[in-house]
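The residues making up each chain are set out below.
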Number of protein chains: 2
Amino acid sequence: MPRVVDHNERRKQICDVLLDIVSEAGISAATIREVADRSGWSTGVIGHYFTNRQDLLLGGLRRAAEILAEHNTRVINTLEGIAALEQILEGSIPLDKRRLALCRIFFFFYAEGMTEKDLRQELESYLLGWRKSATRAIRQAQAQGDLPADLDPKRVAADLVGLADGLSIHSLLDPGVMMQLREQSPIRYWIRRLASEAPDHKGEPMPPSRYASA
Amino acid sequence: MPRVVDHNERRKQICDVLLDIVSEAGISAATIREVADRSGWSTGVIGHYFTNRQDLLLGGLRRAAEILAEHNTRVINTLEGIAALEQILEGSIPLDKRRLALCRIFFFFYAEGMTEKDLRQELESYLLGWRKSATRAIRQAQAQGDLPADLDPKRVAADLVGLADGLSIHSLLDPGVMMQLREQSPIRYWIRRLASEAPDHKGEPMPPSRYASA
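A. A look at the overall build of chain A. A count of helical and extended segments in chain A gives 10 helices and zero strands. When the helices and strands of chain A are placed in sequence order, the string is α-α-α-α-α-α-α-α-α-α. Its C-alpha atoms give chain A principal-axis dimensions of roughly 65 × 40 × 35 Å. The buried share of chain A, taken over its 214 residues, is 54%. Restricting to contacts in chain A with at least 6 residues of sequence separation, those with at least 24 account for 64%. For chain A, the distance from the average site of its 28 positive side-chain charges to the average site of its 29 negative ones is 2 Å.

Below is the structure:
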C-alpha cells in the first residue's frame, strides 16, 4: 500500500527549506533546484506543489506570515502587556537566522506589492494582523497601568510596527543600523520610555541606556 | 552653429520626467518608451544617457537622492532644531505626488539592494546622509533645551528615520496606514512627545491629539 502523503505538511516542509536557503544565501539563491538539492525531493515533486520559482517564493512568504502569526498567538497566550508587546514587535527583527529569513522574504514582496494589487492586499492583511496583536497588548498594558492612558492603542501600534519594520529594512541595507539593533533593542527603549510616563509606573526605571548621550 | 547641450541638465530633466511617471503610474509604467512619449525626446536621445531601463531607473534613484539631499540642505539653512528635524524626517513621507515618487523609487531599490552589493552600499550612503541631517537637528534642539539632554542624538536619529521609512512603506501597502498618516503626522507626534519631556520645555503643549484614546 502506498504511503499516504500529508500534502499540507510536505508543502510546509518545502517552504521551510526555502526559508533556510533565504536566511543563509538570500532571495537570489532560492530556486526550485536549490530546494531540491537541499531537501532530497526531486524538482518534479516540488513542482507538484509550486508551479515555478515565483510561486515557490510566494509559498515562502505565506509560510513566513504563518510563522509570525503563530508566534504572536503563542506570545498572547503566555505573556501580557508590555512583555507581550515587546515580543510581538521583535518577532521579525532580523537578529537571528530565522528572523532574517522572514525579513528578506517579506521585504522582497513589499516591493512587488507596490505594483501588484492582489499581493498588496495580501500584505495589507498581514500588516493588519500584526497591528491588531500589538494593539491588544497595548490595551492590556494600559489596563494594568503600565502604559499611559492617553495613548491611542491603534495609532501607537501602527507607529511601533512601522518602527520595527523600518529599522529591520535599514539594518539589512546598513551595517551601522544593524550594529545598533544588536547593541540594544530600540523597540524596548521606546516602549520603556513610554512606560515611564505612566502615572502608575512602578516597574523598572528607564534602562541605564546606551541611548544616554556620552 | 549647433546649440550647446548641457548634458547634466538634460540628464536631470529626463530623470524628472521619469519621476513624474513613477508618481502617477508607478514603477512598472516607467520605461524609456514612456519617458520618450512624455518628454518629446526620442528613445535614441534618452539612450545616449541611459543604456537600458534598469539604468534609467537607477538614474531616477540618484535624482531622488539628490532631491532629498537638496531638501535637507535647504531645511538646515532656513530652519533649526525641532522645526528642521520635522522637515528632514517628512521629506519622503508620501503625502504628495513628489514624495510618492521618491518613496516608490527608493523602496523598489531597497529590495534590490538586499541582494546587490554595490547598490546596497549606495543606499547605505543615502541613509547615512539622512541620519546625519537628523542628528544635527536633534543636537541643535537639545542645545536650545527643546529636546531632553539624555537622548543620544545618533540613535534617536536612526530610530526616527526608521519610523519615517517604515510608515511610508506601510502606507503604500495599507490604505489604513495612509489614512492615519494623512490625519496627523506621527513624526510630529513623537517629536513633540519627546519635547514635552525636556526640562526647559516651554513650547506648545502636547497637541490636542487624535492620538488621545476615545
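Alright, that's what it looks like, and here's the rest.
B. Highlighting the relation of the copies chain B and chain A. Rotating chain B by 180° and translating it 0.0 Å along the rotation axis places it on chain A, where the RMSD comes to 0.0 Å. Accordingly, the operation relating the two chain copies is best matched by a two-fold axis. A shared binding surface is used by both copies, with 98% of the interface residues of chain B retained as interface residues in chain A.

C. Quick look at empty space enclosed by the protein. In total, this model carries seven cavities of 30 Å³ or more according to the counting rule given. The volume enclosed by the largest cavity comes to roughly 110 Å³. Along the walls of the largest cavity sit A:D159, A:L160, A:L163, A:W190, B:D159, B:L160, B:L163 and B:W190, which together make up its complete lining. Breaking the lining of the largest cavity down by element, the ones donating at least two residues are α8 (153-173) of chain A together with α8 (153-173) of chain B.

D. Here's a closer look at the environment of B:I191. If you trace the backbone, B:I191 turns up in helix α10 (residues 186-195). Separated by 46 residues in sequence, B:I191 and B:G145 have C-alpha atoms that sit 13 Å apart.

E. Local environment of the nonpolar core. Counting 138 residues, the largest nonpolar core has A:I105, A:F106, B:I105 and B:F106 as its most contacted members. Ignoring sequence-local partners within four residues, the contact set of B:F106 consists of B:L61, B:A64, B:A65, B:L68, B:L123 and B:Y126.

F. Quick peek at the interface of chain B and chain A. Counting residues at the interface gives 53 residues for chain B, matched by 52 residues for chain A. Taking both partners together, chain B and chain A bury about 4,500 Å²; carbon and sulfur atoms supply 59% of that area. Interface area lost by chain B to chain A is led by B:M114, B:R155 and B:L173, which between them contribute 18%. In this assembly, chain B and chain A are joined by eight salt bridges. With a closest N to O distance of 2.5 Å, B:R193 and A:E197 form a salt bridge. If you look at where chain B meets chain A, you find 16 residue pairs in polar contact (both at pLDDT 80 or more). Elements with a contribution of two residues or more to the side of chain B that touches chain A: α6 (97-113), α7 (117-143), α8, α9 (175-183) and α10 of chain B. When residues in the side of chain B that touches chain A are grouped by element, the largest group, 16 residues, is from α8(B).

G. Just the pattern of salt bridges, in detail. Across all of its chains, the model carries 30 salt bridges over all chains by this definition. Across the pair B:R193 and A:D150 runs a salt bridge whose closest N-O atoms are separated by 3.4 Å. Note that B:R193 is positioned in helix α10 and A:D150 in the loop between α7 (117-143) and α8, a pairing that runs across two chains. B:E86 is the partner of B:R188 in a salt bridge, and the nearest nitrogen-oxygen pair spans 3.6 Å. Of this pair, B:R188 sits in helix α10 while B:E86 sits in helix α5 (residues 81-89); the two residues are 102 residues apart in sequence, bridging distant segments of the chain. Exposure remark for B:R188: the relative accessible area of 28% places this residue in the partly exposed category. When its relative accessible area of 5% is taken as the criterion, B:E86 is described as buried. Members of the salt-bridge network, linked through shared partners, are A:E86, A:E90, A:R188 and A:R192.

H. How the structure looks around the confidence of the model for chain A. Residues and elements named next belong to chain A. In this model, chain A carries a mean pLDDT of 91, and residues with pLDDT of at least 70 account for 92%. Throughout residues 205-210 the model reports pLDDT below 50, and contacts reaching past four residues in sequence, or to other chains, amount to 12 contacts. The ipTM value of the predicted complex is 0.91, and its pTM value is 0.91.

I. Quick look at the packing of aromatic side chains. Throughout the structure, instances matching the rule amount to 10 aromatic pairs over all chains. For the ring pair A:Y189 and A:W190, a centre distance of 5.0 Å and an interplane angle of 85° mean the geometry is edge-to-face. Between B:F108 and B:F109 the ring centres are 5.0 Å apart and the planes differ by 85°, which places this aromatic pair in the edge-to-face class. Look at B:F109 and you get buried, because its relative accessible area is 0%.

J. Structural view of the side chain of B:N72. As for its placement among the helices and strands, B:N72 is situated in helix α4 (residues 53-78). In contact with B:N72, not counting residues within four places along its chain, are B:I88, B:W130 and B:S133.

K. Representation of the state of the cysteines. All names here are of chain B. Scanning the entire structure with this criterion turns up zero disulfides over all chains. The thiol of C15 is unpaired, and the distance to the nearest cysteine sulfur, on C103, comes to 18 Å. On the basis of relative accessible area, C103 is assigned to the buried category, the value being 2%.

L. How the structure looks around α4(B). With 26 residues, α4(B) extends 37 Å from end C-alpha to end C-alpha; this agrees with the ideal 38 Å at 1.5 Å per step. Its side-chain oxygen placed 3.2 Å from the backbone nitrogen of B:Q54, B:N52 serves as the N-cap of α4(B).

M. Examining α10(B) more closely. Counting buried positions over the 10 residues of α10(B) gives eight, a clear majority of the element. Turning to α10(B), its buried residues are B:P186, B:I187, B:Y189, B:W190, B:I191, B:R193, B:L194 and B:A195. Check the buried side of α10(B) and you find it contacts α8 and α10 (186-195) of chain A together with α5, α8 and α9 of chain B.

What counts and how
Residues numbered from 1 in each chain as written. Chains lettered and ligands numbered in written order. Predicted model: local features only at pLDDT ≥ 70, side-chain atom pairs only at ≥ 80, totals over all residues. Heavy atoms only, no water. Helix = DSSP H or I, 4+ residues; strand = E, 2+ residues; numbered from the N terminus. Buried < 20%, exposed > 50% of the residue type's maximum accessible area, 1.4 Å probe, protein only. Contact = heavy atoms within 4.5 Å. Lys, Arg positive; Asp, Glu negative; His and termini not counted. Charge placed at Lys NZ, Arg CZ, Asp CG, Glu CD. Least-squares fit on C-alpha atoms with pLDDT ≥ 70 in both. 1 Å grid on protein atoms, 1.4 Å probe; cavity = no way out; pocket = protein on both sides within 12 Å on 5 of 7 lines; lining within 4 Å. Points joined across faces, edges and corners; volume = space filled by probe spheres on them. Core = buried A, V, L, I, M, F, W, Y, C linked by side-chain atoms within 4.5 Å. Buried area = accessible area lost by both parts, 1.4 Å probe. Salt bridge = Lys/Arg side-chain N within 4 Å of Asp/Glu carboxyl O. Polar contact = N/O pair within 3.5 Å; in protein donor to acceptor, adjacent residues only side chain to side chain. pLDDT = per-residue confidence, 0-100. Phe/Tyr/Trp six-rings, centres within 6.5 Å; stacked < 30°, edge-to-face > 60°. Disulfide = S-S within 2.5 Å. Expected span 1.5 Å × (residues − 1).

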